Amino acid sequence: MALARVVTFEGVDDARIAQLKQNVESGERPENLPATEMIILHDPEGQKSIAIMFFENDADYQQGHEVMDAMPTDDTPGKRTSVTRYDVAVRATA
C-alpha cells in the first residue's frame with residue numbers, strides 16, 4: 001500500500017514558492033529520497049503550505065521521512081507545523 005507524508009508549514013510567501021518551483025523544475029531533489037511524487041499546495045493569503053510526498057512502501061516512507069526530517073530549515077517551504085503519515089486509500093488522475 002502506498003503511503004503519504006503530509007507536512008504543513010506557515011510563513012510561506014510567494015517568493016519562497018517560486019524558488020521551490022524553480023528547484024523542482026531544474027531537477028533538484030534531496031539525495032536518497034525515494035518519493036514517487038510530490039505535491040505542494042499554497043495558500044498565499046494565509047502564507048500556509050502543505051507538502052505531500054508519496055512513497056510505495058513502508059521502507060521507502062521511513063527513508064524519506066529520515067531524509068526530510070534531517071533537512072535544514074532553510075530548505076523547507078517555511079516553519080513546519082505538523083508531519084502526519086497517511087495510507088493512500090484512493091488515488092486517481094484525470
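The residue count restarts for each chain, going from 1 along the sequence in the order it is written. Under the rules for a predicted model, residues below a pLDDT of 70 receive no local features and side-chain atom pairs below 80 are neither given nor counted, while totals for whole chains, interfaces and linings still include all residues. By convention in this description, side-chain values take in all heavy atoms of the structure and omit both hydrogens and water.

> I tried to follow the packing of aromatic side chains on my own but got confused; where do I start?
Given two aromatic rings, one states the distance between the centres and the angle between the planes to describe the pair. Here a pair means two rings of Phe, Tyr or Trp (six-membered ring of Trp) with centres within 6.5 Å. Their orientation is stacked below 30 degrees between planes, edge-to-face above 60, and tilted elsewhere. Overall, the coordinates contain 1 aromatic pair when judged by the stated rule. Here the aromatic rings of F55 and Y61 are separated by 5.6 Å at their centres, their planes lie at 80°, and the arrangement is edge-to-face. F55 sits in the buried class, given a relative accessible area of 0%. The positively charged end of R85 is found above the aromatic ring belonging to Y61, 4.8 Å away from the centroid. A ring is considered to have a charge above it if a Lys NZ or an Arg CZ atom is located within 6 Å of its centre and within 35 degrees of its normal. The ring of F54 has R91 lying over it, and the distance from NZ or CZ to the ring centre is 4.3 Å. Note on exposure labels: buried denotes an accessible area under 20% of the residue type's maximum, exposed denotes more than 50%, and partly exposed covers the range between, all computed with a 1.4 Å probe on protein chains only.

> How should I be thinking about a nonpolar patch on the surface in this particular structure?
Patch membership requires over 30% relative accessible area and the absence of a salt bridge. Like charges are linked within 9 Å, and nonpolar side chains (Val, Leu, Ile, Met, Phe, Trp, Tyr) within 5 Å. Here the Shrake-Rupley method, with its probe set to 1.4 Å, supplies the accessible areas, and only the displayed protein chains count as covering residues. Salt bridge, as used here: a side-chain nitrogen of Lys or Arg that lies within 4 Å of a carboxyl oxygen of Asp or Glu. A cluster of nonpolar side chains, namely V24, M38 and I40, defines an oily patch on the protein surface of about 220 Å² accessible area. The secondary structure listing takes helices from DSSP runs of H or I that are at least 4 residues long and strands from runs of E that are at least 2 residues long, numbered from the N terminus. Of note, M38 is situated in strand β2 (residues 37-43). Here M38 falls in the partly exposed class, since its relative accessible area comes to 37%.

> Explain the nonpolar core here, please?
For soluble globular proteins, nonpolar side chains are generally found buried alongside one another. Definition of nonpolar core: a set of buried residues of the types Ala, Val, Leu, Ile, Met, Phe, Trp, Tyr and Cys, connected through side-chain atoms within 4.5 Å. In terms of nonpolar packing, the biggest core is built from 9 residues, these being L3, L33, A35, M53, F55, Y61, V67, M68 and M71. Only β3 (48-55) and α2 (58-69) provide two or more residues apiece to this core. Sort the elements by how many residues they give to this core and α2 lands first, with 3 residues. Among all residues touching M68, those that are not within four sequence positions of it are R5, P30, L33, M53 and R80. Residues count as neighbours in contact if any of their non-hydrogen atoms are within 4.5 Å of one another.

> Explanation requested: the pairing of β2 in the structure shown.
For a regular strand, side chains alternate in direction, first toward one face of the sheet and then toward the other. Alignment of β2 against β3, held across 7 bridges, turns out to be antiparallel. From the neighbouring strand, L41 faces β3, where its bridge partner is I50. Where β2 folds back on β3, the antiparallel hairpin that results is connected by 4 residues, among which Q47 adopts a positive phi of roughly 50°. Whether two strands pair depends on DSSP finding at least two bridges between them.

> When you look at the side chain of R16 in this model, what are you seeing that I'm missing?
Here R16 shows up in helix α1 (residues 14-25). Accessibility expressed as a relative area gives 12% for R16, which makes it buried. Apart from the residues lying within four places of it in its own chain, the contact partners of R16 are D74, D75, T76 and P77.

> Quick question: what am I supposed to make of the confidence of the model for the chain here?
Regions with low pLDDT carry predicted coordinates that are not meant to be interpreted in detail. The pLDDT value expresses, per residue, how confident the predictor is, ranging between 0 and 100. Summarising the model, the chain shows a mean pLDDT of 92, and 100% of its residues fall at 70 or more. The secondary-structure element of the chain with the lowest mean pLDDT is α1, recorded at 91, while strand β1 (residues 3-10) shows the highest, at 97.

> Would you mind going over α1 with me for this structure?
Working note: α-helix, 3.6 residues per turn, so residues spaced by three or four point in the same direction. Here the expected length of a helix is defined as 1.5 Å per residue gap, with one fewer gap than residues. Compared with the 16 Å implied by 1.5 Å per residue over 12 residues, the 16 Å span of α1 between its first and last C-alpha is a close match. Once α1 ends, the next one or two residues include G27, with phi positive near 90°.

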